Amino acid sequence: MGYGFQVTVDSSSPHTLAKWWAAALGWRVEPSNEDFIRGLVAAGHAREEDTEIFEGVLVWKAGAAISDPEVPARPRVLFQLVPEGKTVKNRLHFDIRAGEDREALAGRLAEAGATVLHRGRQGPNEWITMTDPEGNEFCVA
């Protein structure tokens, strides 16, 4: 029997970063269940300060997740709130496989707030190393 998993990314602004990555990958931010959140707060199982309003919607302050709406079995990505900022290079990063659209996608992501760090090549493989708006490295290959 195998196990499912998700990838978790530390973030200073999880809802903003989840929205950015969902747009970058063509995925969706998983919707918030405002009634469920209000019910937990009303029952004393959560506190008001555990929540916030993001773009007019009540959400958990601690994080936001994205998933591929067309491939539900694909692992989801959770962006979780952490108090400290990023200080060193990622030990794990995303590779977006864009193929022939690599330059176009990198340009679109740069316009949306990513930064190009460098371009690499090894044999027939080429990639563009970038950072997302919070400085997390990823590659467009």
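Residues numbered from 1 in each chain as written. Predicted model: local features only at pLDDT ≥ 70, side-chain atom pairs only at ≥ 80, totals over all residues. Heavy atoms only, no water.

J.: Looking at this structure, I do not really get the overall build of the protein chain. What am I missing?
T.: Looking only at helices and strands, one finds 3 helices and 10 strands in the protein chain. Going from the N terminus to the C terminus, the protein chain shows its helices and strands as β-α-β-α-β-β-β-β-β-α-β-β-β. With the principal axes as the frame, the protein chain shows a C-alpha extent of 60 × 35 × 30 Å. Within the protein chain, the fraction of its 141 residues that count as buried is 34%. The long-range share in the protein chain, meaning contacts at least 24 apart out of those at least 6 apart in sequence, stands at 58%. With 15 positive and 21 negative side-chain charges, the protein chain shows a spacing of 5 Å between the two charge centroids. (Helix = DSSP H or I, 4+ residues; strand = E, 2+ residues; numbered from the N terminus. Buried < 20%, exposed > 50% of the residue type's maximum accessible area, 1.4 Å probe, protein only. Contact = heavy atoms within 4.5 Å. Lys, Arg positive; Asp, Glu negative; His and termini not counted. Charge placed at Lys NZ, Arg CZ, Asp CG, Glu CD.)

J.: Even after reading the chapter, I still don't get the packing of aromatic side chains, so can you show me in this structure?
T.: Per the counting criterion, the structure on display carries 4 aromatic pairs. Following the ring pairs from residue to residue traces out a cluster consisting of Trp20, Trp21, Phe94 and Phe138. (Phe/Tyr/Trp six-rings, centres within 6.5 Å; stacked < 30°, edge-to-face > 60°.)

J.: Would you take a moment to explain the pairing of strand E5 (residues 63-67) for this structure?
T.: It is a general feature of regular strands that their side chains alternate between the two faces of the sheet. Here E5 lies mainly inside the structure; 5 of its 5 residues are buried. Taken together, the 2 bridges between strand E2 (residues 28-29) and E5 define a ladder with antiparallel strand orientation. When the sheet's bridge partners are listed, Arg28 is paired in E5 with Ser67. Sheet topology note: the E5/strand E6 (residues 77-81) ladder contains 4 bridges and is antiparallel. (Pairing = 2+ DSSP bridges.)

J.: Just to check I follow, could you spell out the UniProt feature "domain: Glyoxalase-like" (unreviewed entry) in the protein chain for this structure?
T.: Per the UniProt record, "domain: Glyoxalase-like" (unreviewed entry) is annotated on residues 6-140. Along residues 6-140 one finds 23% helix and 35% strand; the C-alpha atoms at either end are 21 Å apart. (UniProt positions renumbered as here; feature names shortened; annotations may be inferred.)

J.: What am I meant to see in the domain arrangement of the protein chain here?
T.: Where interface size is given, it is often the accessible area lost as the parts come together that is meant. According to the domain assignment, the protein chain contains domain 1 (6-84) and domain 2 (91-140). Put simply, the middle of domain 1 and the middle of domain 2, counted by C-alpha atoms, are 24 Å apart. Taken together, the contacts link 13 residues of domain 1 with 14 residues of domain 2. The contact between domain 1 and domain 2 buries some 1,000 Å² in all, and 70% of this surface belongs to carbon and sulfur atoms. Seen at the junction of domain 1 and domain 2, the total is 0 salt bridges. Taken together, the links from domain 1 to domain 2 amount to 5 residue pairs in polar contact (both at pLDDT 80 or more). (Domains from an automatic or database assignment. Buried area = accessible area lost by both parts, 1.4 Å probe. Salt bridge = Lys/Arg side-chain N within 4 Å of Asp/Glu carboxyl O. Polar contact = N/O pair within 3.5 Å; in protein donor to acceptor, adjacent residues only side chain to side chain.)

J.: Please explain the environment of Leu92 as it appears in this structure.
T.: By secondary structure assignment, the location of Leu92 is in the loop between E6 and strand E7 (94-96). Considered as a pair, Leu92 and Ala42 are 50 residues apart in the sequence and their alpha carbons are 39 Å apart.

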